[in-house]
Amino acid sequence: MSDSFERLGLSPATLGVLRRVRFSQPTPIQRQAIPPALEGKDLIGCAATGTGKTAAYVLPMVERFTGRKGTLGLVLAPTRELVQQISEPVRLFSEPHGLGQAVVIGGEDMAAQVEALKAHPTFVLATPGRLVDLLESGGAAFPRLEVLVLDEADRMLDMGFQPQLERILSALPRRRQTLLFSATMGADVGRFARERLHRPVRVEVTRSGTPAERAEQRLYILDAQEKSALLLTLLARDEATALVFTRTKERADKVHRALQRAGYKSAVLHADRTQNQRRQAMEGFREGTYRCLVATDIAARGLDVEDVGHVINYDLPHAPEDYVHRIGRTARAQASGVASTFATQRDKDVVATIERIMRAQIPRVAVPREDPVFQEAWTRFVAAQKDPGPPQKDAQSPRPASTPGRHARTHGKRGGK
């Protein structure tokens, strides 16, 4: 079991913890990142979601900090959910060594966070915005910090956090180790790394922009009005959990209502949901209370679910790079799954950009318009068009229709199992 981890230079105490939590073999990112991280080198880790990168940086930090006092490690991540997700492996690996942590995120009591920081926990896990608030108010300081981790650096830069990151970096000791992890390595991340890291070791488990290999990808070319019928058809073909991505919160609510009407237990996740609603939705999806979770990209960042059977891109993402993040959620750890993408003719440029980023074509699959579930859903849609009711916020180029896919092109073979 531990032979592979032993070769990475981990201590007997850490190997014992790994045995207790049943970590059998190091993942590729762990094998490549742990040794240079243990040596104190700066590191750039390019790895898709779900490849074990959290343990790749937590384990070396635990090794270096055991038996020492003060706040020595800072982990920055773009969302509250991701910080909370990171806190579990930090607790798992650090508590047996007597090391503590503080979580610093928005939406929670700032005074309580200040008190937690006064105890000088070994690890501080934070979102950039809340940490800047604490730095400005004098509630946080890191005079002895030795290691900074930037997790999902591409997302932090995409979300506009560069000013906050610069402010945080200015408050840290210049002599420190920096570990940067990112699923994609765009120009912004590359520029940031060149300016802020010192002779970093680069570890690239998957090429930048490469999705998890176990995700079976399918692309359906269809008319916008056919999306709901196709969604219900795909869900009827198996019992796999489904994470459904939409471009807007209005669309997420609409799809959520359609799933509920069709009898699917589902939850919705977007920026207008309260912190409690978001927590309930994610926990319910993880625990199987909900089969479907409908989410926007920003809301789903940091969502950690080990066995999503089906990722469905109801809408293509605003940023083509987000496609890789989305479909990676269906091939986490040793799992495999399906990633289905719905695209209209007006999406062809976005599809081309995604395929250029991935250096591969997404397999085209025919829309199953002859499926009884599809035809029933389409019939309901046509009836609703005759009595449309109040206008929908996210209606797309409505067309009179009597036959599904009258103008849609299809490519390849029919989908389905």
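Since we're looking at a predicted model, the values are computed, not measured. (Residues numbered from 1 in each chain as written. Predicted model: local features only at pLDDT ≥ 70, side-chain atom pairs only at ≥ 80, totals over all residues. Heavy atoms only, no water.)

The next subject is the overall build of the chain. What the chain contains, in helices and strands, is 17 helices and 13 strands. Here the chain, with 417 residues, has 56% of them falling under the buried criterion. Restricting the contact set of the chain to residue pairs at least 6 apart, pairs at least 24 apart contribute 76%. Put simply, the chain shows about 18,600 Å² of open surface, and 48% of that area lies on carbon and sulfur atoms. (Helix = DSSP H or I, 4+ residues; strand = E, 2+ residues; numbered from the N terminus. Buried < 20%, exposed > 50% of the residue type's maximum accessible area, 1.4 Å probe, protein only. Contact = heavy atoms within 4.5 Å. Areas by Shrake-Rupley, 256 points an atom, 1.4 Å probe, with all protein chains shown as cover.)

Our focus in this paragraph is the sheet that holds strand E7 (residues 201–204). As summarised here, the arrangement of the 7 strands in space is E3-E4-E2-E5-E6-E1-E7, forming an open sheet in which the pairing is parallel. Where the open sheet ends on each side, the last strands, each with one partner, are strand E3 (101–104) and E7. On average, adjacent strands in this sheet sit at an angle of 15° to one another, irrespective of strand direction. Alignment of strand E1 (residues 43–46) against E7, held across 4 bridges, turns out to be parallel. Looking at E7, one finds that Ile44 is bridged to Arg202. Contacting E1, strand E5 (147–150) and strand E6 (177–182), helix H10 (residues 187–196) runs over the sheet at an angle of about 175° to E6. (Pairing = 2+ DSSP bridges. Axes fitted to C-alpha atoms, helices over the stretch in contact; angles between N-to-C directions.)

Right, let's get into the packing of aromatic side chains. Applying the stated criterion to the full structure yields 6 aromatic pairs. Between Tyr57 and Phe181 the ring centres are 5.4 Å apart and the planes differ by 45°, which places this aromatic pair in the tilted class. Of this pair, Tyr57 sits in helix H4 (residues 53–65) while Phe181 sits in strand E6, placing them 124 residues apart in sequence. As far as the burial class goes, Tyr57 and Phe181 line up, both buried. Measuring from ring centre to ring centre gives 5.9 Å for Tyr314 and Phe342, while their planes differ by 50°; the resulting arrangement is tilted. On the criterion of sequence distance, the pair formed by Tyr314 in the loop between strand E12 (310–313) and helix H15 (322–328) and Phe342 in strand E13 (residues 337–343) is long-range, its members being 28 residues apart. (Phe/Tyr/Trp six-rings, centres within 6.5 Å; stacked < 30°, edge-to-face > 60°.)

What follows deals with the pattern of salt bridges. Taken as a whole, this structure holds 23 salt bridges when the rule is applied. When the shortest N-O distance is used, the salt bridge between Arg64 and Glu146 registers 3.7 Å. Of this pair, Arg64 sits in helix H4 while Glu146 sits in the loop between helix H7 (128–137) and E5, and the two are 82 residues apart along the sequence. With a closest N to O distance of 3.2 Å, Arg291 and Asp238 form a salt bridge. (Salt bridge = Lys/Arg side-chain N within 4 Å of Asp/Glu carboxyl O.)

With respect to burial, strand E8 (residues 215–221) is a largely interior element, 6 of its 7 residues being buried. Pairing of E8 with E13, which is carried by 7 bridges, proceeds in the parallel orientation. Directly across from Glu216, in E13, lies its bridge partner Val338.

Here we come to unusual backbone geometry. At His120, a position not held by glycine, the phi torsion is positive, near 55°. Take His120: it is sitting in the loop between helix H6 (110–118) and strand E4 (123–126). At Glu152, a position not held by glycine, the phi torsion is positive, near 55°. Among the structural elements, Glu152 can be located in the loop between E5 and helix H8 (153–158). Owing to a relative accessible area of 7%, Glu152 belongs among the buried residues under this scheme.

The next subject is the sheet that holds E8. Taken in spatial order, the 6 strands of this open sheet run E8-E13-E12-E9-E11-E10, and their pairing is parallel. In this open sheet, the two edge strands, each paired with only one partner strand, are E8 and strand E10 (266–269). Ignoring strand direction, the axes of neighbouring strands in this sheet form an average angle of 15°. Taken together, the 4 bridges between E10 and strand E11 (residues 292–295) define a ladder with parallel strand orientation. The residue of E11 that forms the bridge with Val268 is Val294.

Another point: the side chain of Arg291. Relative to the helices and strands, Arg291 resides in the loop between helix H13 (275–287) and E11. The class of Arg291 is buried, set by a relative accessible area of 17%. If we skip the residues at most four places from it in the chain, Arg291 touches Leu235, Asp238, Glu239, Ala240, Thr241, Ala242, Tyr264, Lys265 and Phe285.

What follows covers the nonpolar core. Formed by 37 residues in total, the largest nonpolar core has its most connected members in Tyr57, Met61, Ile86, Phe93, Phe123, Val149 and Leu179. For this core, the secondary-structure elements that each account for two or more residues are helix H2 (12–20), helix H3 (28–38), H4, helix H5 (80–94), E4, E5 and E6. Phe142, Phe161, Ala193 and Leu197 belong to the second-largest nonpolar core, a separate cluster that totals 33 residues. (Core = buried A, V, L, I, M, F, W, Y, C linked by side-chain atoms within 4.5 Å.)

Since there are 3.6 residues in each turn of an α-helix, residues three or four apart along the chain are aligned in direction. When we look at burial in helix H16 (residues 348–358), the residues that qualify are Val351, Ile354, Glu355 and Met358. Down the axis of H16, the sector holding all buried residues measures 95°, keeping them to one side. In H16, the exposed positions angled more than 90 degrees off the buried face are occupied by Asp349 and Arg356. Where the residues of H16 are buried, they touch E8, H15 and E13. Positioned one or two residues after H16, Arg359 has a phi angle of 60°, which is positive. (Arc of directions from axis to C-beta.)

Such coordinate-based values are descriptive only and should not be taken to indicate function.
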